[in-house]
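# Report on the structure
For reference, the chains in residue letters:
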Amino acid sequence: MSWQQKLKHELTAVAIAALYFGCWIAALLTLKQLILAEYQIAFHGLSMALIGALILSKVVLILEHVSLGAWIRAQPAWVDVILRTALYSLGVALVLVLENGFELRHEYGGFGPAVAAIFQKTDIHHIWANTIALSGALFGYNLLSVIQRRLGKSGFRRMFLEPLPATSTTKTA
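In this report, the structure presented in the accompanying data block is examined. Here the structure is a predicted model, which is why all the values come from computation and not from measurement. (Residues numbered from 1 in each chain as written. Predicted model: local features only at pLDDT ≥ 70, side-chain atom pairs only at ≥ 80, totals over all residues. Heavy atoms only, no water.)

### Re the overall build of the protein
Each helix and strand counted, the protein has six helices and zero strands in total. Each helix (α) and strand (β) of the protein, taken in turn from the N terminus, gives the series α-α-α-α-α-α. Its C-alpha radius of gyration of 20 Å places the protein more than 25% over the 16 Å reference for a compact globule of 173 residues. Here the protein, with 173 residues, has 28% of them falling under the buried criterion. For the protein, the proportion of contacts with a sequence separation of at least 24, taken over those separated by at least 6, is 63%. A total of about 12,400 Å² of accessible surface is found on the protein, and carbon and sulfur atoms cover 70% of it. Within the protein, the 9 negative side-chain charges are centred at a point lying 14 Å from the centre of the 14 positive side-chain charges. (Helix = DSSP H or I, 4+ residues; strand = E, 2+ residues; numbered from the N terminus. Rg over C-alpha atoms; globule rule 2.2 N^0.38 Å. Buried < 20%, exposed > 50% of the residue type's maximum accessible area, 1.4 Å probe, protein only. Contact = heavy atoms within 4.5 Å. Areas by Shrake-Rupley, 256 points an atom, 1.4 Å probe, with all protein chains shown as cover. Lys, Arg positive; Asp, Glu negative; His and termini not counted. Charge placed at Lys NZ, Arg CZ, Asp CG, Glu CD.)

Below is the structure:
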């Protein structure tokens, strides 16, 4: 495979993952905007959503290539899905805490006090909400990834692009 083909493959993978995570993040932002509108609080965050979707996409695509060990490979696929989702979600929560600590460092006189303040103030609720929503996105992504590995790329495409097979209406005794 030439470097142009590798680059095209990588860009396609990032674009698909970014679209997937972008949809989840857009849904989360829409919910936030609707809830805050009820209290007449303006909310803007589309540009951050796009950047977040791109970063999350690239990180997840890299982490997909990290082996979780022989024990996991010997387990049913759902174990891999749950473990990867839990690990990725923990990473998301950590990044959100670090990001907020960095943003608030001037207000609280340093990074350490800012991180401590996150857990003492209502910012932690915002972090929990984002982590829970993104955990749902990560679970769906990991589930689809396992299905694609099982069926192969062509089988995965056929599963979603072809009509469903007819179901039998007769009952057997």
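### Re the pattern of salt bridges
Scanning the model with the defined rule gives three salt bridges in all. Residue Glu10 is joined to Lys58 by a salt bridge in which the shortest nitrogen-to-oxygen separation is 2.2 Å. With a gap of 48 residues between them, Glu10 in helix α1 (residues 3-38) and Lys58 in helix α2 (residues 46-63) connect regions that are remote in the sequence. For Glu10, a relative accessible area of 33% gives the class partly exposed. According to the relative accessible area criterion, Lys58 is partly exposed, its value standing at 33%. Among the salt bridges present, the one from Arg149 reaches Asp80, with a minimum N-O distance of 3.3 Å. Of the two residues, Arg149 sits in helix α6 (residues 123-161) while Asp80 sits in helix α4 (residues 77-108), which places them 69 residues apart along the sequence. (Salt bridge = Lys/Arg side-chain N within 4 Å of Asp/Glu carboxyl O.)

### A word on the side chain of Ser89
Along the chain, Ser89 falls in helix α4. Of the residues examined, Ser89 reaches a relative accessible area of 10% and is grouped as buried. Those residues in contact with Ser89 that sit more than four places away from it in its chain are Thr131, Ser135 and Leu138.

### Structural notes on α1
In this model, α1 (36 residues) spans 51 Å end to end at C-alpha, consistent with the 52 Å of a helix rising 1.5 Å per residue. Taken together, the buried positions of α1 are Val14, Ala17, Ala18, Phe21, Ile25, Leu28, Leu29 and Lys32. Positioned one or two residues after α1, Gln40 has a phi angle of 60°, which is positive. (Expected span 1.5 Å × (residues − 1).)

### Structural notes on the packing of α4 against α6
Interhelical geometry of α4 versus α6 gives an angle of 145° and a closest axis separation of 8 Å. At the point where α4 passes α6, the crossing takes the right-handed sense. Among the residues forming the contact of α4 with α6, the class breakdown is 15 nonpolar, eight polar and five charged. (Axes fitted to C-alpha atoms, helices over the stretch in contact; angles between N-to-C directions. Left-handed = near helix turned anticlockwise from the far one by under 90°. Nonpolar A, V, L, I, M, F, W, Y, C, P; charged D, E, K, R; others polar.)

### Digging into the nonpolar core
Within the largest apolar cluster, 24 residues are counted, with the highest numbers of intra-cluster contacts made by Phe21, Leu56, Val60 and Leu138. Breaking this core down by element, the ones donating at least two residues are α1, α2, α4, α5 (111-120) and α6. No other element matches α6, which puts six residues into this core. (Core = buried A, V, L, I, M, F, W, Y, C linked by side-chain atoms within 4.5 Å.)

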